[in-house]
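Below are the chains, spelled out letter by letter.
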Amino acid sequence: MPSPVWRGSASLVEASDSPEFENTQDGPRYTRHFSGPYASVMSSLPDRRAAMSGTPSGFLVDTVKVDKAPGRRGTMTVTLTPNPIEDAFQSGEPVGLLEIEWIEIQKRLELHPRYQTGGDSELSSSDLDAIEEWKNQNTASDRAVKYAKLTDNAQEFVDKLQRGQDSFIVYAPVARQTTRTKDQPDSTNCGFISAPPDPIAIDGYTYLKTADRINRRGDFFEHILEWTGGTDVDTDIYSDDPGT
């Protein structure tokens, strides 16, 4: 019995219900479906990370899937997302997926700018010593005697301690880069001063490299680097040498 042969148009035809739109946990996504002669399908594959006519601006080709059907017919399914990850097997140094998030950090109350040099309620070394002496008193009456001898700034600070306010919250940027490569990447040390890629480096912060993770994902490796930014990184303690 002879094999069925495609008798329709020699060009690709988009399905009537295409494109489909989804808003997933990974972000918005368009899916488009095409059919036509298999040879025409294979000669019309869109490039990854390229724009595609007929899809809203800002969406780029993420995946392309081709299925061969009877009659020398083919179908092509194209998904488009705003930020498709770079090819796993590309040449050169991949940029990958770049992200920024902010994390919550608790600091001791005495480190707040209000109590630092030049702050509205600056605490001197003598103030800090006196506050420690107040903390070390065993009775309420002894604490009252010490409290009466504190400066106005130190008393303000102690008032906050007495109501349970011994810390404050700041937020720090975490820059993250995720790349995919065919060959296993090298992992390096963390805990040294290192700048993240420019697009995710926020002005006014000095960054420490704080994570370096490698995961095997099927036929490729996923390499995740993280940098945490701070406004008061002590360069006497942290160097820019990964070997220290």
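Residues numbered from 1 in each chain as written. Predicted model: local features only at pLDDT ≥ 70, side-chain atom pairs only at ≥ 80, totals over all residues. Heavy atoms only, no water.

## What about the sheet that holds strand β9 (residues 220-230)?
So, step 1. Read across the sheet, 4 strands follow the order β6-β7-β9-β8 without closing on themselves; strand pairing throughout is antiparallel. Looking at the sheet topology across the chains shown, the edges are occupied by β6 (97-108) and β8 (206-217). If you compare each strand with its neighbour and ignore which way they point, the axes differ by 20 degrees on average.
So, step 2. One ladder, built from 11 bridges, connects β8 with β9; its direction is antiparallel. Bridge assignment links Asp 212 to a residue of β9, and that residue is Leu 225. (Pairing = 2+ DSSP bridges. Helix = DSSP H or I, 4+ residues; strand = E, 2+ residues; numbered from the N terminus. Axes fitted to C-alpha atoms, helices over the stretch in contact; angles between N-to-C directions.)

## Quick look at the environment of Val 41
So, step 1. Checked against the element boundaries, Val 41 lands in helix α1 (residues 38-42).
So, step 2. In sequence terms Val 41 and Met 76 are 35 residues apart; their C-alpha atoms lie 6.8 Å from each other.
So, step 3. Ignoring any residue separated from it by four or fewer positions in sequence, one finds Val 41 in contact with Leu 12, Gly 36, Val 66, Gly 74, Thr 75 and Met 76. (Contact = heavy atoms within 4.5 Å.)

## Some points on the packing of aromatic side chains
So, step 1. Applying the stated criterion across every chain, the model contains 4 aromatic pairs.
So, step 2. Geometrically, the ring pair formed by Tyr 30 and Phe 59 is edge-to-face, given 4.9 Å between the ring centres and 85 degrees between the ring planes. With Tyr 30 in strand β3 (residues 27-37) and Phe 59 in the loop between α1 and β4 (60-69), this residue pair connects regions lying 29 residues apart in the sequence.
So, step 3. You can call Phe 59 buried: its relative accessible area is 13%. (Phe/Tyr/Trp six-rings, centres within 6.5 Å; stacked < 30°, edge-to-face > 60°. Buried < 20%, exposed > 50% of the residue type's maximum accessible area, 1.4 Å probe, protein only.)

## With respect to the pairing of β3
So, step 1. For β3, a buried count of 8 out of 11 residues is recorded, marking the element as mostly surrounded by other parts of the structure.
So, step 2. Pairing of strand β1 (residues 13-14) with β3, which is carried by 2 bridges, proceeds in the antiparallel orientation. Paired with Val 13 across the bridge in β3 is Ser 35.
So, step 3. The sheet contact formed by strand β2 (residues 20-24) and β3 spans 5 bridges and is antiparallel. Its bridge partner lying in β3, Phe 21 is registered against Tyr 30.
So, step 4. In this antiparallel pair of consecutive strands, β2 and β3, the connection spans 2 residues.
So, step 5. The sheet contact formed by β3 and strand β5 (residues 73-81) spans 8 bridges and is antiparallel. Looking at β5, one finds that Pro 37 is bridged to Arg 73.

## Structural notes on a nonpolar patch on the surface
So, step 1. Taken together, Ile 100, Trp 102, Ile 169 and Tyr 171 make up a surface patch of nonpolar side chains, about 410 Å² in accessible area.
So, step 2. When contributions to the nonpolar patch are tallied by element, the ones reaching two or more residues are β6 and β7 (167-181).
So, step 3. Note on placement: Tyr 171 falls in strand β7. (Patch = residues over 30% accessible without salt bridge, like charges linked within 9 Å, V, L, I, M, F, W, Y side chains within 5 Å. Areas by Shrake-Rupley, 256 points an atom, 1.4 Å probe, with all protein chains shown as cover. Salt bridge = Lys/Arg side-chain N within 4 Å of Asp/Glu carboxyl O.)

## A short note on the packing of helix α2 (residues 125-135) against helix α4 (residues 152-162)
So, step 1. Packing of α2 against α4 brings their axes to within 10 Å, and their N-to-C directions diverge by 35 degrees. Handedness of the crossing formed by α2 with α4: right-handed. Facing Asp 127, Ile 131, Trp 134 and Lys 135 of α2, the residues of α4 in contact are Ala 154, Phe 157, Val 158, Leu 161 and Gln 162. (Left-handed = near helix turned anticlockwise from the far one by under 90°.)

That is the geometry; function is a separate question.
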